[in-house]
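Inside the fold
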Amino acid sequence: MHIDIDAQTLNALDWNSVLEALSGRARTPMGKAAALGLALSADRDVVGAWLDEVDEVLALEGDGGTVPVGGIDDIDSPLARASKGAVLDKDELRLSGRALVALDQLGGWLLDAPQHAPLLQGLAPSLRVDPQVLDELQRAFDETGELSGRRFPELGALRTRVTELHATIRRTLEEMVKGDTLADELQDRYVTQRGDRYVVPVKANFKRKELGIVHGMSGSGNTAFVEPTQVVALNNELRLAEGRLQAEERRILMALSAMLGRVGVAGREALRVATRIDLAVARADLARRLDAVRPVVGREGVLRLTSARHPLLALRGVDVVANDVTLDARSAILVVSGPNTGGKTVALKTVGLAALLVRIGCFVPAAEGSRVDLFDDVVAVVGDHQTVHGDHSSFSSHLVALRAMIERARPGCLYLVDEIASGTDPQQGAALAHAFIERLLDRGVRGLITTHFHRLKTLATVEPRVAMAGMQFADGHPTYRLLLGASGESHALDIAVRVGVPADLVDRARALMDEGERNLAETLAALDRERSRAEEAQARATRLAAELEARSAAFAKRQAELDARARAIEQERAAGYLARLAGAEKAVAAVVADLQRAPSHDKVAAARASLDALKGLAPSRPAVEVAAEAPELAVGDAVKLLKIGDTGEVVGLGRRISVRTSRGLVLRVDPAEVLRVHTPEPAPAPAPPPRRGRGKATDAPSLDHAVRLDGNTLDLRGLRVDEGLEEVDRFLDRASLDERGVVFVLHGHGTGAMKQAVRQHLARSRYVGAWQPASPDQGGDAYTVAALRG
């Protein structure tokens, strides 16, 4: 007896249903067909590239975007025929033009995508189409799908002439049939066509031979269809015009087909690339639907699934119980036992489908960190394979499948056998199954085998390469949880009670069991209950430990990011200080030079004002006055700022205190940097801050008199709005750390979009106390000036 074990495997695992689910998520006819015909690959590079493409699609569509792969029809056949010189019809050319436009747009979208997607973006150039070809094909057809008379004037003129001739002939004949000229000869008063010639119905026995040309008779023989002599010349002219029109259409179709043929090879390659991208999109969509993850993929025969779920059950919306499964060199064969309907077969199929999903480049429905290596051969024997044609029983068919597995067993194989060697004498079946497992171990196979045989349940105690697992059964019901290291009992009597078998019959069955069997069953059931409780406690502890470790790792990562940011800001601050120093020196030199060129009292006063404005930017000398220790301060105390020599009032306390200076600016300083004074110099009351929000605040002298310098100004010209707002946030971060009181933002005028966005952003910023458009002296409405909070 011969069986196709590969086809049997795919059928047992419902693989066609998986491919149909993938095909349903493709967006092109080519992608849908390709998904149904996907071949399994064991090439790690090929599979890795497929998985990379899925990652890229998920990144490209992560912010709600959509890869525009839809709208691409399958034009492979028209392109191939055009490449060989065939003349395509109008529909084929119009469809080809539309598909080529969609291909070109997909390529452009990928190239312009902001996310980094090197594999897909590397395919984009193959999708671009000669713009001249696109333009010609688009302009060739009008909105009705016909060749455009506007694009082809001669064609338009011929159509107009044909239309006019039709109208003239019909008008002439209608006048004849409505008048008295043919009243005696007419059978009826209407105009029709026979053989593309306009005719009228005339009595078959008409006598006037000069009436016209007969083009046919009615079925009864009573009516002759005659083309009157008056329209013969017009009909002839119409036929000639229609011939010229057809010839012109043919000429245009030939030209368009030849042009399409020149890009036929490139167009077919673009279709192939689009199909590849569509498959990546379908895989990504399936991954989202299954909440699947990208597994680690190797070639060492390791399968380590965490919280794995059966994909088809998940697609149906079933609340699937997730399970962990591990197969590797130390646990090459996993023997799973447990009650019928307890989930053994589902667990087996979950493992097989995970191995196959990876081989077509799909993510697996499991938790992060799962690993699924590439297995060259995945074989599953599930269910009854009895056949009347070969006169084989179910058990014989099962053995034939096991024999086929042994014949091809080698490293790199994953074997899945449901209810191994069942359907015969239990002792002999268990012995056969034991010998089969030993042979698989010797051949380096990985496998999952389900069974009810006690002999196999204890095999893990004598064979270190065999692991044991049991399906949990609690409170008289299966939980569908796979317990690694446990042995699952069949619980046949409990299940009989649950499905409604009469209680007295079940009691009789218990009585028929010998005392040893009964005690063993009860002991194992008690162990199952204890193990369930222990498993639950361990799961809780593991989950809590994982959560704690994740939080600790997140905290450490955040601390490292903060440290790195602090170092970067300190470096930027130092560079900014040097830049401000250079700017101040240049400004002082400019003031001095101006005085030297033309000294006057007015210029002296202006120079003094400019130098006062620059005083806060100049490097300070070591303070002559220092505080011996940090003073005890209170809000409202008058203090002297030792580093800049200004005076002010304490307006806030904390690790660093907030001081409003004599110029109305609020600075945050260390308490050791101030000296409390008992008789503070009178300082002008700070003006009320400008209003936040839209419009200019007229009561804001501190902003009206602010001085714009290179160090306190951000230039956003040439940036997009989103880029500009990111630069504003970084600038405000630095300005706050530098304890600047006032900043300027140069956004220009342009369309006004950047200006509006910046001002709305400043109004919402936690750093900004007030803002207003800059005054004409400060640069005008192209700038916005803002006061920072203390």
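Residues numbered from 1 in each chain as written. Predicted model: local features only at pLDDT ≥ 70, side-chain atom pairs only at ≥ 80, totals over all residues. Heavy atoms only, no water.

**Remarks on the overall build of the chain**
Regarding its fold elements, the chain presents 23 helices and 22 strands. A sequence separation of at least 24 residues applies to 66% of the contacts in the chain between residues at least 6 apart. Per element, the accessible surface of the chain, about 41,100 Å² overall, is 52% carbon and sulfur. (Helix = DSSP H or I, 4+ residues; strand = E, 2+ residues; numbered from the N terminus. Contact = heavy atoms within 4.5 Å. Areas by Shrake-Rupley, 256 points an atom, 1.4 Å probe, with all protein chains shown as cover.)

**A closer look at the pattern of salt bridges**
Within this structure, the stated rule accounts for 42 salt bridges. A salt bridge links Glu-92 to Arg-81, with the shortest nitrogen-to-oxygen separation between them at 2.6 Å. In this pair, Glu-92 sits in helix H6 (residues 90-112) while Arg-81 sits in helix H5 (residues 76-83), placing the two residues 11 residues apart along the sequence. Overall, the relative accessible area of 18% leaves Glu-92 in the buried class. The residue Glu-727 makes a salt bridge to Arg-730 at a minimum N-O spacing of 2.6 Å. Of this pair, Glu-727 and Arg-730 both sit in helix H22 (residues 721-737), separated by three residues, roughly a single helical turn. Judged by relative accessible area, which is 38%, Arg-730 ranks as partly exposed. (Salt bridge = Lys/Arg side-chain N within 4 Å of Asp/Glu carboxyl O. Buried < 20%, exposed > 50% of the residue type's maximum accessible area, 1.4 Å probe, protein only.)

**Focus: the sheet that holds strand S5 (residues 303-308)**
If you trace the three strands from one edge of the open sheet to the other, you get S6-S5-S8, paired in antiparallel fashion. Edge positions in the sheet fall to strand S6 (323-327) and strand S8 (371-372), since each of these pairs with one other strand and no more. In the sheet, S5 pairs with S6 via four bridges, with the strands oriented antiparallel. Across the sheet, residue Leu-303 finds its bridge partner in S6, namely Leu-327. Contacts between helix H13 (residues 344-359) and the sheet are confined to S5, S6 and S8, with S5 contributing the most and set at about 110° to the helix. (Pairing = 2+ DSSP bridges. Axes fitted to C-alpha atoms, helices over the stretch in contact; angles between N-to-C directions.)

**As for the nonpolar core**
With 123 residues, the main nonpolar core has Ile-72, Leu-106, Leu-127, Leu-260, Ile-277, Leu-303 and Leu-414 as its most contacted residues. The element that contributes the greatest number of residues to this core is helix H11 (residues 264-290), accounting for 13 residues. In this structure, Val-381, Ala-404, Val-445 and Leu-459 belong to the second largest nonpolar core, which totals 31 residues. (Core = buried A, V, L, I, M, F, W, Y, C linked by side-chain atoms within 4.5 Å.)

**Here we look at helix H15 (residues 426-442)**
For H15, which comprises 17 residues, the first-to-last C-alpha distance of 24 Å matches the rise-based estimate of 24 Å (1.5 Å per residue) to within 8%. Within the sequence span of H15, burial applies to Gly-429, Ala-430, Ala-433, His-434, Phe-436, Ile-437, Leu-440 and Leu-441. The buried residues of H15 occupy one face: seen down the axis, they fall within an arc of 165°. Looking at H15, the residues exposed on the side facing more than 90 degrees away from the buried face are Gln-427, Gln-428 and Asp-442. Where H15 is buried, its residues meet strand S7 (333-337), helix H14 (394-408), strand S10 (413-417), strand S11 (446-451), helix H16 (454-457) and strand S12 (466-474). Backbone nitrogen of Gln-427 and a side-chain oxygen of the N-cap are separated by 3.2 Å at the start of H15; the cap is Asp-425. (Expected span 1.5 Å × (residues − 1). Arc of directions from axis to C-beta. Polar contact = N/O pair within 3.5 Å; in protein donor to acceptor, adjacent residues only side chain to side chain.)

**A closer look at the pairing of S12**
Buried residues dominate S12, accounting for eight of its nine residues. Here five bridges tie S7 to S12, and the two strands are oriented parallel to one another. When the bridges of S12 are listed, Ser-337 appears paired with Gly-470. Strand direction decides the pairing type here: S12 and strand S13 (residues 477-484), joined by five bridges, are antiparallel. Each residue of the ladder has a partner; that of Gly-470, found in S13, is Leu-483.

**Some points on the packing of helix H9 (residues 153-178) against helix H10 (residues 232-262)**
At a minimum axis distance of 9 Å, the contact between H9 and H10 shows a crossing angle of 155°. If you check the angle between H9 and H10, you find them roughly antiparallel. Relative to H10, the crossing made by H9 is left-handed. Contact with H9, carried on its side by Glu-154, Leu-155, Leu-158, Arg-159, Arg-161, Val-162, Leu-165, His-166, Thr-168, Ile-169 and Thr-172, involves Leu-234, Asn-235, Glu-237, Leu-238, Ala-241, Glu-242, Arg-244, Leu-245, Glu-248, Glu-249 and Ile-252 of H10 and no other residues of that element. (Parallel < 35°, antiparallel > 145°, perpendicular 65-115°, else oblique. Left-handed = near helix turned anticlockwise from the far one by under 90°.)

**Observations concerning unusual backbone geometry**
The backbone phi angle of Asp-14 is positive, close to 55°, even though this residue is not glycine. Along the polypeptide, Asp-14 turns up in the loop between helix H1 (5-12) and helix H2 (15-23). The exposure class of Asp-14 is partly exposed, given its relative accessible area of 32%.

**Considering the packing of helix H8 (residues 131-139) against H10**
Running from amino to carboxyl end, H8 crosses H10 at an angle of 150°, the nearest separation of the two axes being 10 Å. Put simply, H8 runs roughly antiparallel to H10. The two elements H8 and H10 meet at a crossing, and its hand is left-handed. Across the interface between the two elements, Val-133, Glu-136 and Leu-137 from H8 touch Leu-256, Met-259 and Leu-260 from H10. Residues of the contact of H8 with H10, tallied by class, amount to five nonpolar, no polar and one charged. (Nonpolar A, V, L, I, M, F, W, Y, C, P; charged D, E, K, R; others polar.)

**What to know about the sheet that holds strand S19 (residues 713-715)**
With mixed pairing, the four strands of this open sheet are ordered in space as S19-S20-S22-S21. If you trace the sheet from one side to the other, it starts and ends with S19 and strand S21 (768-773), each paired once. Across this sheet, the average inter-strand angle for adjacent strands is 20°, counted without regard to direction. As defined by bridge partners, strand S20 (residues 742-746) adjoins strand S22 (residues 783-788) across five bridges and the pair is classed as antiparallel. Across the sheet, the residue bridging to Val-745 is Thr-784, located in S22. Along the sheet, helix H23 (residues 753-764) contacts S20, S21 and S22; its crossing angle with S21, the most-contacted strand, is approximately 155°.

**Here we look at the packing of aromatic side chains**
Considering all chains together, one arrives at zero aromatic pairs under this definition. The aromatic ring of Phe-225 is capped on one face by Arg-194, whose charged end is 4.0 Å from the ring centroid. The ring of Tyr-767 is capped by Arg-766, whose NZ or CZ atom sits 4.4 Å from the centre of that ring. (Phe/Tyr/Trp six-rings, centres within 6.5 Å; stacked < 30°, edge-to-face > 60°. Lys NZ or Arg CZ within 6 Å of the ring centre and 35° of its normal.)

**What about H23?**
Between its first and last C-alpha atoms H23 spans 17 Å; for 12 residues at 1.5 Å apiece the expected length is 16 Å, and the two agree. For H23, the full list of buried residues reads Met-754, Lys-755, Ala-757, Val-758, Arg-759, His-761 and Leu-762. Here the buried face of H23 lies against H22, S20, S21 and S22.

**Thoughts on the side chain of Glu-136**
Tracing the backbone shows Glu-136 in helix H8. In this structure Glu-136 touches Arg-151 and Met-259, once residues within four positions along its chain are discounted.

**Digging into the confidence of the model for the chain**
Atomic detail in the predicted coordinates should be set aside for any region of low pLDDT. Counting all residues, the mean pLDDT for the chain is 83, and 83% of those residues have values of 70 or more. Taken element by element, the chain is modelled with least confidence in helix H20 (residues 601-615), mean pLDDT 56, and with most confidence in H2, mean pLDDT 97. In the predicted structure, residues 385-391 sits below a pLDDT of 50 and forms 10 contacts with residues beyond four places in sequence or in another chain. Throughout residues 618-629 the model reports pLDDT below 50, and contacts reaching past four residues in sequence, or to other chains, amount to 13 contacts. (pLDDT = per-residue confidence, 0-100.)

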